[in-house]
Amino acid sequence: MNLETIKSEIEASVSGCRLEIIPNASPSEQHSLLVDAARAVAVARFLRDAAHLRFDFCSNVTGVDWPSKEISEKIKVKKILDGVEQEVEETRKTQSLGYLEAVYHLYSVEKKHGPFVLRLRTEDRENRAHLPSLTPVWRSAEFQEREIFDLFGIHFDGHPDLRRILMWDEFEDHPMRRDYVEPNDYEYEPTAHDEVLQKAKQHQNGVGC
Amino acid sequence: MATTTYPTAHITPKPSTDGGEDQFLEVSMGPQHPSTHGVFRMNVVLDGERVVKLKPVFGYLHRNHEKIAENESYLGSMPYTDRLDYLCSITNNWAYALAVEKLAGIQVPERAEYLRVITGELTRLQNHACLIGFLMQDMGASGTPLMYAFREREKILDLFESLTGARMMCNYMRFGGCRVDASADWLQQAQKVMEAFPRFLDEYERLLTENEILMARTQGVGVLPRELAVNAGITGPMLRASGINYDIRKVDKYGIYDRFAFKVPLGEHGDVYDRYMIRVLEMRESIRILQQAMREISPGPIQDPKTKIRGFRPKAGEAYGRIESPKGELGFYLISDGSPNPYRYRVRPPSLINLTVLEEMCLGQNVADVVITLGSIDIVLGEVDR
Amino acid sequence: MLGEGILKGLAETARNFLGSYVSKDRLTTVQFPEERLPHIEAARSFPFLVYDGEDWQQGMRCVSCLICEKECPPKCIFIEKSKDKKPDATGKPQFYPVVFNIDVSVCMSCQICVEVCPFDAIKMDVEFELSTNDRFGGLLWDKERLAKSNAYYGKIHPTEAAAVDAQLAEERAKLEAKAKLAAEAKTATVATPPAQPLRETSETTEGSGA
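All values derive from a computational prediction rather than experimental measurement. (Residues numbered from 1 in each chain as written. Chains lettered and ligands numbered in written order. Predicted model: local features only at pLDDT ≥ 70, side-chain atom pairs only at ≥ 80, totals over all residues. Heavy atoms only, no water.)

Enquirer: Describe the interface of chain C and chain B, and please don't skip the residues or the numbers.
Expert: Across the contact, 31 residues belong to chain C and 34 residues belong to chain B. Buried area between chain C and chain B, both sides added, is near 2800 Å², and the carbon and sulfur share of it is 51%. For the pair chain C and chain B, the number of links is 5 salt bridges. Here B:Glu72 ties to C:Lys75 by a salt bridge, and the two come within 4.0 Å at their closest N and O atoms. Across the contact surface, chain C and chain B share 17 residue pairs in polar contact (both at pLDDT 80 or more). Looking at the side of chain C that touches chain B, the elements with two or more residues in it are α1 (4-22), α3 (67-71) and α4 (112-116) of chain C. No other element matches the 9 residues that α1(C) contributes to the side of chain C that touches chain B. Among the residues forming the side of chain C that touches chain B, the class breakdown is 14 nonpolar, 7 polar and 10 charged. (Contact = heavy atoms within 4.5 Å. Buried area = accessible area lost by both parts, 1.4 Å probe. Salt bridge = Lys/Arg side-chain N within 4 Å of Asp/Glu carboxyl O. Polar contact = N/O pair within 3.5 Å; in protein donor to acceptor, adjacent residues only side chain to side chain. Helix = DSSP H or I, 4+ residues; strand = E, 2+ residues; numbered from the N terminus. Nonpolar A, V, L, I, M, F, W, Y, C, P; charged D, E, K, R; others polar.)

Enquirer: Which residues make up the nonpolar core, and what values go with them?
Expert: Counting residues in each nonpolar core, the largest one holds 174 residues, and the members touching the most others are A:Leu47, A:Tyr104, B:Phe175, B:Tyr276 and B:Leu355. With 12 residues, helix α4 (residues 110-139) of chain B is the largest single contributor of residues to this core. Those residues in contact with A:Leu47 that lie beyond four places of it in its chain are A:Ile6, A:Ile10, A:Leu53, A:Arg54, A:Phe55, A:Leu106, A:Phe116 and A:Leu118. (Core = buried A, V, L, I, M, F, W, Y, C linked by side-chain atoms within 4.5 Å. Buried < 20%, exposed > 50% of the residue type's maximum accessible area, 1.4 Å probe, protein only.)

Enquirer: Residues and numbers for the side chain of C:Asp52, please.
Expert: Residue and element names in this part refer to chain C. Of note, aspartate 52 is situated in the loop between β1 (47-51) and α2 (56-59). Residue classification places aspartate 52 among the buried positions, given a relative accessible area of 5%. Engagement of the side chain of aspartate 52 in a polar contact is seen with the side chain of arginine 61, the distance being 3.1 Å.

Enquirer: Before we move on, can you summarise the packing of helix α6 (residues 184-208) of chain B against helix α11 (residues 272-296) of chain B with the specific residues and values?
Expert: All names here are of chain B. Contact geometry of α6 with α11 gives a least axis separation of 11 Å together with a crossing angle of 160°. As the angle between them shows, α6 and α11 are arranged roughly antiparallel. In this structure, the crossing between α6 and α11 has a hand that is left-handed. Contacts between α6 and α11 pair Leu187, Ala190, Gln191, Met194, Phe197, Pro198, Leu201, Asp202, Tyr204, Glu205 and Leu208 from the former with Tyr276, Met277, Val280, Met283, Arg284, Ile287, Leu290, Gln291 and Met294 from the latter. Residue classes in the contact of α6 with α11 are distributed as 15 nonpolar, 2 polar and 3 charged. (Axes fitted to C-alpha atoms, helices over the stretch in contact; angles between N-to-C directions. Parallel < 35°, antiparallel > 145°, perpendicular 65-115°, else oblique. Left-handed = near helix turned anticlockwise from the far one by under 90°.)

Enquirer: Go over the layout of surface pockets with me, naming the residues and quoting the values.
Expert: Approximately 1100 Å³ is the volume attributed to the second largest pocket. B:Asp158, B:Glu161, C:Leu37, C:Pro38 and C:Ile40 are the residues nearest the centre of the second largest pocket, which is lined by 32 residues in total. Every element with two or more residues in the lining of the second largest pocket is listed here: α5 (144-164) and α6 of chain B. Among the elements that take part in the lining of the second largest pocket, α5(B) stands out by supplying 6 residues, more than any other. Taken together, the residues of the lining of the second largest pocket break down into 14 nonpolar, 6 polar and 12 charged. (1 Å grid on protein atoms, 1.4 Å probe; cavity = no way out; pocket = protein on both sides within 12 Å on 5 of 7 lines; lining within 4 Å. Points joined across faces, edges and corners; volume = space filled by probe spheres on them.)

All we've got here are geometric facts, nothing functional implied.
Here it is, written out as structure tokens:
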């Protein structure tokens with residue numbers, strides 16, 4: 001079970017599919033395959049149905065939030081300094097576009113192999129946080145995709161029943177996002193630390209309430 | 001095993017005589033309902049006694065365990081995992097320790113592996129015994145089977161207490177080993193408990209297995225077909241009751257499970273009765289594993305010396321580790337960015353995913369059967385809601 | 001025959017019922033406040049602070065290094081470190097906690113503070129009848145409420161305490177030997193007082209430390 005071979009097989013059978021192997025540096029060596037969202041369902045069906053792969057059991061589905069961050073890279077720029085062309089090193093800061101990711105861990109009950117790690121990425125974290133739902137392929141994704149929708153805010157198109165699952169329906173934010181801000185409620189806590197302590201002080205001074 | 005010709009649940013409800021066909025009754029079962037094993041709700045639409053629609057509602061116990069863990073050191077999440085499936089804290093510890101060991105490439109010494117197997121299988125014994133007790137309670141056998149199960153569980157919990165210091169929140173495993181070593185005295189006690197357990201199982205089976213009421217209530221109820229079971233990611237005794245041979249102890253051979261000879265019991269019909277039977281048989285197999293482990297355990301270190309307790313920082317990367325917990329596949333997915341706390345921490349809860357097919361299993365059945373179907377899934381809300 | 005299984009089960013119940021009069025194995029219930037189960041040595045409830053000697057303020061082992069506060073998963077420990085140093089039980093000047101609070105309503109008895117403590121200063125208690133009618137104050141335990149003697153520790157966890165005592169004694173012996181060596185080195189030049197044993201009654205240690 002080589003990820004490279006599976007990749008080329010998918011490319012051969014699902015036309016126009018962009019795939020990328022995401023290496024995993026940890027000793028677990030569970031490398032993953034990034035699939036472009038447009039073809040994800042076709043790829044999933046191939047993985048499930050191909051006779052020698054038969055990834056019929058989608059074990060774990062989860063979201064990961066990768067917020068945008070500042071990348072500073074050093075680049076060499078040619079500049080004319082004092083009439084002479086010189087190579088000067090400059091640091092350029094760029095804002096990488098954040099995205100949300102859905103990770104699927106697939107196993108095969110029939111062939112007893114796995115895991116095969118499938119990743120899907122949204123275009124951004126706000127308006128275009130949409131991914132195709134893989135629930136039609138694996139029923140086990142149903143509750144887990146709902147959970148991702150609830151906690152991360154990825155909209156799964158084609159999901160049969162996309163509602164909040166753990167938080168209540170009126171809840172607005174997505175608590176598992178890294179930039180989630182807790183509501184400013186305060187409860188007395190005798191051993192307050194750090195931010196809780198700050199909060200406690202604020203409330204004692206009558207700022208909050 | 002004797003089969004019975006007693007009527008099963010396939011009784012068609014009498015056609016209603018008054019009103020039209022669309023007279024449905026919506027019932028909200030739970031969240032405070034003794035049959036739901038915690039704060040769990042089912043929105044059931046009924047046509048007379050027959051279920052036509054069922055939507056599970058949960059989240060009442062949600063505390064965002066994953067978010068807490070992401071702000072906690074790797075070790076700091078260990079006691080929190082106890083509180084996921086609070087009946088089997090040791091297997092929760094094991095799954096988390098296994099995932100971290102995969103992430104950081106830690107080797108576990110042999111004695112620690114044996115201790116993990118021994119405590120893990122004891123956990124399975126007490127979980128299955130209790131689950132059967134709860135299931136009987138749901139069926140109306142108020143008390144007796146449950147109390148028998150609790151009597152036996154008590155002995156196992158006493159073992160846990162004298163080893164780990166706590167009965168339920170054991171917090172026993174560490175990355176690369178176990179927290180405390182078992183004394184020879186403890187192993188002897190465990191041996192005694194284990195040797196007495198088959199007698200209890202015989203007793204339990206004499207009480208239940210051939211009981212006609214039990215058979216009438218469970219056979220043909222809550223049937224889960226094979227294809228749906230795999231597709232819906234059902235794991236553990238539920239999957240095997242549907243006749244699929246998939247036990248992670250056999251498939252992944254994590255830890256030292258390849259050293260033990262044991263069978264994987266399989267069901268045929270995938271109904272509630274099979275799920276009961278599978279659990280009884282699994283307990284017998286667990287005892288076989290325990291016998292072998294007790295015989296083979298040898299002295300040695302119980303903790304990998306290279307793994308630090310404080311300031312543990314695995315290199316950047318990710319890992320998914322899973323074990324066969326008593327309820328099914330319990331997995332932990334971790335992403336490390338090289339800092340002392342995980343970037344992403346995810347629990348794959350077997351209880352939650354086994355609930356996916358609850359509606360399918362209950363459609364067309366009577367309300368009373370919904371209760372036992374749910375009971376046979378074996379959920380713990382601490383794990384469903386996290 | 002229909003009903004055979006039920007009869008068999010009923011026979012089993014009857015046997016259990018009658019058996020509970022003769023077999024101890026079948027009767028596990030204990031009438032709690034009057035009867036008590038034997039105390040299990042490894043049991044744990046909430047942490048306490050160990051002190052050596054008689055005086056809890058003087059003998060407290062905690063040097064307020066703040067490790068447990070940082071590692072505590074539910075963040076139930078609150079420590080305020082002292083600005084000055086005071087001699088500990090061995091006479092060595094150490095920092096001490098001015099405030100050491102544990103909120104036992106938050107504590108989840110996980111024992112991580114005990115594991116990370118490099119000074120064997122915090123240990124797990126076995127006391128469990130802790131109900132109080134003051135929801136906040138009654139469950140917020142301060143330094144005084146937490147301090148318990150090493151003798152108490154030895155009583156509740158004998159094996160563990162013996163190991164800890166042996167280890168501490170070894171460390172102290174090493175220190176003593178070191179001090180002796182240093183003293184001998186001094187003797188070479190100056191006429192010396194006899195080597196001061198490190199562990200004595202609190203008065204003398206305080207005197208020597210001052």
